[in-house]
Amino acid sequence: QVQLVESGGGLVQAGGSLRLSCAASGRSFSNYAMGWFRQAPGKEREVVATITMSGGTTNYADSVKGRFTISRDNAKNTVYLQMNSLKPEDTAVYYCAARYKTLAWTTSPVGNDGWGQGTQVTVSS
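Residues numbered from 1 in each chain as written. Predicted model: local features only at pLDDT ≥ 70, side-chain atom pairs only at ≥ 80, totals over all residues. Heavy atoms only, no water.

J.: How should the environment of Ser 124 be read in this particular structure?
T.: Tracing the chain through its elements places Ser 124 in strand 10 (residues 119-124). Along the chain, Ser 124 and Phe 68 lie 56 residues apart, while their C-alpha atoms are 18 Å from each other. Setting aside its immediate chain neighbours within four residues, Ser 124 contacts Leu 11, Val 12, Gln 13 and Ala 14. (Helix = DSSP H or I, 4+ residues; strand = E, 2+ residues; numbered from the N terminus. Contact = heavy atoms within 4.5 Å.)

J.: Would you mind going over the packing of aromatic side chains with me for this structure?
T.: Aromatic ring pairs: the centre-centre distance and the angle between the two ring planes describe each pair. Taken as a whole, this structure holds 4 aromatic pairs when the rule is applied. Pairing Tyr 95 with Trp 115 gives two aromatic rings, centres 6.3 Å apart and planes at 90 degrees, and the pair type is edge-to-face. Here Tyr 95 is found in strand 9 (residues 92-100), whereas its partner Trp 115 is found in the loop between strand 9 and strand 10, with 20 residues between them in sequence. The class of Tyr 95 is buried, set by a relative accessible area of 14%. Cluster of aromatic residues (ring-pair linked, three or more members): Phe 37, Tyr 95, Trp 105 and Trp 115. Cation over ring: Arg 19 sits above Tyr 80, and NZ or CZ is 4.0 Å from the ring centre. The side chain of Arg 45 reaches across the aromatic face of Tyr 95, ending 3.9 Å from its centre. (Phe/Tyr/Trp six-rings, centres within 6.5 Å; stacked < 30°, edge-to-face > 60°. Buried < 20%, exposed > 50% of the residue type's maximum accessible area, 1.4 Å probe, protein only. Lys NZ or Arg CZ within 6 Å of the ring centre and 35° of its normal.)

J.: Would you take a moment to explain the pattern of salt bridges for this structure?
T.: Once the charged atoms of two side chains with opposite charge are near each other, the side chains can pair. Enumeration according to the criterion identifies 5 salt bridges in this entry. In this structure, Arg 38 engages Glu 46 in a salt bridge whose closest nitrogen and oxygen atoms are separated by 2.7 Å. Given a relative accessible area of 34%, Glu 46 falls into the partly exposed group. One salt bridge connects Asp 62 with Lys 65, and the closest N-O pair in it is separated by 3.1 Å. (Salt bridge = Lys/Arg side-chain N within 4 Å of Asp/Glu carboxyl O.)

J.: How should I be thinking about the pairing of strand 5 (residues 46-51) in this particular structure?
T.: Within a regular strand, the side chains alternate between the two sheet faces. Of the pairings in the sheet, the one linking strand 4 (residues 32-39) to strand 5 comprises 5 bridges and is antiparallel in character. Bridge pairing in strand 5 links Gly 35 to Thr 50. Taking the residues between adjacent antiparallel strands as the criterion, strand 4 and strand 5 are bridged by 6 residues, where Gly 42 takes a positive phi near 75 degrees. Here strand 5 hands over to strand 6 (residues 58-60) after 6 residues, with Gly 55 in that stretch at a positive phi of 85 degrees. (Pairing = 2+ DSSP bridges.)

Have a look at this one:
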């Protein structure tokens, strides 16, 4: 499995922006589809955005479309999540995840081919 480390979370006011980063270690990063997930207190983990191995196709949850952008830099083994126009309901722990040569994602913490440790995003009203 690939090792993933997120960074960039924090406290921001509603309407503000944050950029999350997820650095991957190991070989063949370009063979992994990457995704961002989030889990709010008392709620199930949900997918936020995914990106294919080449970065050519992205998908977003309806709740973040038009506000969040996922991107990747395969030369740096890093995937990003740019979050704009943040809302209090975006408050959650954000996780990045990897899938090796497949686009079949699961929200299970024991699924996929790697999870980061998570980074807290708190949006104040």
